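# An overview of the molecular structure
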Amino acid sequence: MVKVNIISGFLGAGKTTLIKKLLGGRIAREKVILLENEYGEIGIDGGFMKDAGITVTELNSGCICCTLAGDFQKAMDELIDTYHPDRILVEPTGVGKLSEIIAAVEKAKARHEDLTVSGCATVVDAGKCRMYMKNFGEFFIDQVKSAATIIFSRTQLLTPDRVEKSRALILEQHPDARIITTPWDDLDADMMLEVIESGKPIEIHVDLDDDDDEDEHEHHHHHHDHDEEEHEHHHHHDHDDEEHEHEHGHDHHHHHHHHPGEHDADEVFENVGVETARRFTRDEIRSMTDALSDEEEYGLILRAKGILQTPDGVWFQFDYVPGELQMRDSSPDYAGRLVVIGTHIDEKALKQLFNV
């Protein structure tokens, strides 16, 4: 039997981080393949997993639907025939529709009888729920409705009240969803996998003899609630594609039919990916990503990530979502690479910003 777990989530929600955590549990003893579907031509995260000894197959395409139509099926066939894995982890692009990914896996099952979908989860940034639902609902809500389990990320940065509001928003869309709201550091990898696979909610065992005041142990983060209201963008991209036909995208021809009002990712989102030999200090990347919040200058930037080299030769990886930047050391790559994803992107201004 080949188990398939699909870990979905909107741009920058934390899918790769969750997969890394799961790989630290019992599934590390299995033969695991990671099938990534990046939006954009430049894959960044694959090397990160390869460092952990995981076999990674990256499908890089400007258009999720084209990938699903042919490459996805071909990749599944090759992975199963070549590696005979115990488990395939599928990490779809953040701007993909989970319903389409599930349909593609079901299609693969017709050719591989021992294939079984053993759990499907969507990672949701608890602090950006309302904003994504409002502006990119067609994609975000599809990911929420199509998953049995919703895993909130970054809850440690929010007040319990704020997390509960986000939970209520998700339940409005998917009343039967199991929602993990506990900070990831407090959860065991195998426990999270069990929730994803079994459909059972996490059982928390409370020691009734423990007299400690519970409040002492919770939320020492001073509640950095980023108030979503400040970041609400009233773009309603879903209704005015004609205005921003791809200046920067690739010329894809879609041979399948959508219901009225439905869109492909590359009708709404744009990506700019570059390879570069230029070297960057971490401070430069910090100030450059800070600048990305200027929507008038660069467009609405939802995600930026890259693998780059410092002037003294140290390789590092960066991950940016609005309001948050993470950087970590990385193993060398064949060239520096970075990719930016968003809507109404000014490619020229972006390339000037990064000096590439």
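The structure we're discussing is the one just above.
Along each chain, the written sequence defines residue order, and numbers are assigned to residues from 1. Whole-chain, interface and lining totals are the exception, using all residues; otherwise, since this is a predicted model, local features are given only for residues with pLDDT of at least 70 and side-chain atom pairs are given and counted only at 80 or more. Based on all heavy atoms of the structure, the side-chain values leave hydrogens and waters out of the count.

## Examining the packing of aromatic side chains
Within 6.5 Å between ring centres, the rings of Phe, Tyr and Trp (the latter by its six-membered ring) count as paired, and their orientation is classed by plane angle as stacked under 30 degrees, edge-to-face over 60, tilted in between. Enumeration over the complete set of coordinates arrives at three aromatic pairs. Considering the side-chain rings of Phe10 and Phe140, the 6.3 Å spacing of their centres and the 85° angle between planes classify their relative orientation as edge-to-face. With Phe10 in the loop between β1 (2-9) and α1 (15-23) and Phe140 in helix α6 (residues 137-146), the pair connects residues that are 130 residues apart, well separated along the chain. For the ring pair Tyr132 and Phe140, a centre distance of 6.1 Å and an interplane angle of 55° mean the geometry is tilted. Just as Tyr132 is buried, Phe140 falls in that class too. Runs of E in the DSSP output that reach at least two residues are strands. Runs of H or I that reach at least four are helices, and both are numbered from the N terminus. Each residue is placed in one exposure class: buried if its accessible area under a 1.4 Å probe, protein chains only, is under 20% of its type's maximum, exposed if it is over 50%, and partly exposed if it falls in between.

## Some points on a negative patch on the surface
Nonpolar side chains (Val, Leu, Ile, Met, Phe, Trp, Tyr) are joined into patches within 5 Å and like charges within 9 Å, using only residues with over 30% relative accessible area and no salt bridge. In these tables, accessible area is a Shrake-Rupley quantity obtained with a 1.4 Å probe, and a residue counts as shielded only by the protein chains included in the view. The salt bridge definition used is simple: a Lys or Arg side-chain nitrogen within 4 Å of an Asp or Glu carboxyl oxygen. Neither His nor the chain ends contribute to the count of charged residues, in which Lys and Arg are positive and Asp and Glu negative. Note on charges: their place is set at NZ of Lys, CZ of Arg, CG of Asp or CD of Glu. Taken together, the side chains of Asp294, Glu296, Glu297 and Asp346 define an acidic patch exposed on the protein surface. For Asp294, the position within the fold is in the loop between α11 (282-291) and α12 (295-298).

## Structural notes on the sheet that holds strand β11 (residues 324-329)
Any two strands with at least two DSSP bridges between them are considered paired. One open sheet accounts for five strands, arranged β8-β12-β9-β10-β11; its pairing is antiparallel. Both edges of this open sheet fall to β8 (270-276) and β11, since each of them pairs with a single strand only. Going from strand to strand, the sheet's axes swing by 10° on average, the running direction of each strand aside. Of the strand pairs in this sheet, β8 and strand β12 (residues 336-343) are connected by seven bridges, and their pairing is antiparallel. When the sheet's bridge partners are listed, Asn271 is paired in β12 with Ile341. Note on contacts: a residue pair is in contact if any heavy atoms of the two residues lie within 4.5 Å. Think of each axis as a best-fit line through the C-alpha atoms, taken over the contacting stretch in the case of a helix, with angles from 0 to 180 degrees between the N-to-C directions. Most of the contacts of α11 go to β11, to which it runs at about 160°, and overall it touches β9 (300-309), β10 (315-321) and β11.

## Quick word on the nonpolar core
If you look at soluble globular proteins, the nonpolar side chains tend to sit buried side by side. Throughout, nonpolar core names a set of buried Ala, Val, Leu, Ile, Met, Phe, Trp, Tyr and Cys residues whose side chains join them through atoms within 4.5 Å. Counting 47 residues, the largest nonpolar core has Phe10, Ile88, Phe140, Ile150 and Ile170 as its most contacted members. Setting aside chain neighbours within four positions, we find Ile170 in contact with Val124, Cys129, Met133, Phe140, Val144, Ile150, Phe152 and Ile179.

## Structural notes on the pattern of salt bridges
The tally for this structure, following the rule as stated, stands at 18 salt bridges. One salt bridge connects Arg154 with Asp125, and the closest N-O pair in it is separated by 3.0 Å. Highlighted residues: Arg154 in the loop between β6 (149-153) and α7 (160-173) and Asp125 in strand β5 (residues 115-125), separated in sequence by 29 residues. Assessed through its relative accessible area of 17%, Arg154 is described here as buried. Exposure remark for Asp125: the relative accessible area of 6% places this residue in the buried category. In this structure, Arg167 engages Glu164 in a salt bridge whose closest nitrogen and oxygen atoms are separated by 3.1 Å. Here the residue Arg167 and the residue Glu164 both occupy positions in helix α7, the gap between them amounting to three residues, near one helical turn.

## Some remarks on the side chain of Thr16
Looking at where Thr16 falls in the secondary structure, it is placed in helix α1. Pairing of N or O atoms within 3.5 Å defines a polar contact, subject to two protein rules: one partner must be a possible hydrogen donor and the other a possible acceptor, and residues neighboring in sequence count only if both atoms are side-chain atoms. A distance of 2.8 Å separates the side chain of Thr16 from the side chain of Glu91, its partner in a polar contact.

## Topic: the packing of α1 against helix α8 (residues 189-198)
Remark: α1 packs on α8, axes separated minimally by 8 Å, with the N-to-C direction vectors making an angle of 110°. With respect to their mutual orientation, α1 and α8 come out roughly perpendicular. Crossing angle aside, the handedness with which α1 passes α8 is left-handed. Packed against α1, whose contacting residues are Leu18, Lys21 and Leu22, the element α8 presents Ala189, Met192, Leu193 and Ile196 at the interface. Side-chain classes follow a simple rule in which Ala, Val, Leu, Ile, Met, Phe, Trp, Tyr, Cys and Pro form the nonpolar group, Asp, Glu, Lys and Arg form the charged group, and the remainder, Gly included, forms the polar group. Among the residues forming the contact of α1 with α8, the class breakdown is six nonpolar, no polar and one charged. Orientation labels follow simple angle bins: below 35 degrees gives roughly parallel, above 145 gives roughly antiparallel, 65 to 115 gives roughly perpendicular, and whatever is left gives oblique. When the near helix sits turned anticlockwise from the far one by under a right angle, the crossing is termed left-handed; a clockwise turn instead gives a right-handed crossing.

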